[in-house]
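Chains, contacts and geometry: an overview
So you can see what is in the structure, the chains are spelled out below.
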Amino acid sequence: MENRVKNIMAMVFGVSLREIGDNAAPGTIEAWDSLRHMNLVIALEQEFGVRFAEDQIEQLISLPLICLTLRELSGHA
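As a starting point, this report considers the structure included with it. (Residues numbered from 1 in each chain as written. Predicted model: local features only at pLDDT ≥ 70, side-chain atom pairs only at ≥ 80, totals over all residues. Heavy atoms only, no water.)

**Description of a nonpolar patch on the surface**
- Taken together, the side chains of Ile 61, Leu 65 and Leu 68 present a nonpolar region at the surface, about 220 Å² in accessible area.
- Assignment of secondary structure puts Leu 68 in helix α4 (residues 63-74).
- Residue classification places Leu 68 among the partly exposed residues on the basis of a relative accessible area of 39%. (Patch = residues over 30% accessible without salt bridge, like charges linked within 9 Å, V, L, I, M, F, W, Y side chains within 5 Å. Areas by Shrake-Rupley, 256 points an atom, 1.4 Å probe, with all protein chains shown as cover. Salt bridge = Lys/Arg side-chain N within 4 Å of Asp/Glu carboxyl O. Helix = DSSP H or I, 4+ residues; strand = E, 2+ residues; numbered from the N terminus. Buried < 20%, exposed > 50% of the residue type's maximum accessible area, 1.4 Å probe, protein only.)

In structure tokens, the structure reads:
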């Protein structure tokens, strides 16, 4: 799952995959702004077939938190 999320992040933020570290967050990826955050949310929803609640969207602020939320939504927490 983490590799799939990293690939999506690289695509959405227009950076190379190696720029997506294990603790990737807005502070580590310059292109991570509010517009691209919403693009990331949409891409994640499409890739994983999930729907994030509004409060979850606000919490998707790092690679570990994104993976945790996806696991919770898929029932694999």
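**Looking at the environment of Ala 10**
- Among the secondary structure elements, Ala 10 is positioned in helix α1 (residues 2-13).
- A relative accessible area of 8% means that Ala 10 is categorised as buried.
- C-alpha of Ala 10 to C-alpha of Leu 70: the two residues are 60 residues apart in sequence and 18 Å apart in space.
- Those residues in contact with Ala 10, other than ones at most four positions away along the chain, are Val 15, Ser 16, Leu 17 and Ile 20. (Contact = heavy atoms within 4.5 Å.)

**Topic: the pattern of salt bridges**
- For the structure on display, the rule yields four salt bridges.
- Notably, a salt bridge pairs Lys 6 with Asp 22, separated by 2.7 Å at the nearest N-O pair. Taken together, the positions of Lys 6 in helix α1 and Asp 22 in the loop between α1 and α2 (34-48) put the pair 16 residues apart, joining distant regions of the chain.
- Lys 6 sits in the buried class, given a relative accessible area of 12%.
- On the accessibility criterion, Asp 22 (49% relative accessible area) is partly exposed.

**Concerning the nonpolar core**
- Counting residues in each nonpolar core, the largest one holds 25 residues, and the members touching the most others are Val 5, Met 9, Phe 13, Leu 40 and Leu 44.
- For this core, the elements supplying multiple residues, two or more each, are α1, α2 and α4.
- Element by element, the count of residues in this core is highest for α1, at six residues.
- Ignoring anything within four residues of it in the chain, the contact list for Leu 44 reads Val 5, Ile 8, Gly 49, Val 50, Phe 52, Ile 66 and Leu 70. (Core = buried A, V, L, I, M, F, W, Y, C linked by side-chain atoms within 4.5 Å.)

**Observations concerning the environment of Asn 7**
- With respect to the helices and strands, the residue Asn 7 is situated in helix α1.
- Separated by ten residues in the primary sequence, Asn 7 and Leu 17 place their C-alpha atoms 6.4 Å from one another.

**Here we look at α1**
- The first and last C-alpha atoms of α1 sit 16 Å apart over twelve residues, in line with the 16 Å expected at 1.5 Å per residue.
- Just beyond α1, the residue with positive phi is Gly 14, at close to 65 degrees. (Expected span 1.5 Å × (residues − 1).)

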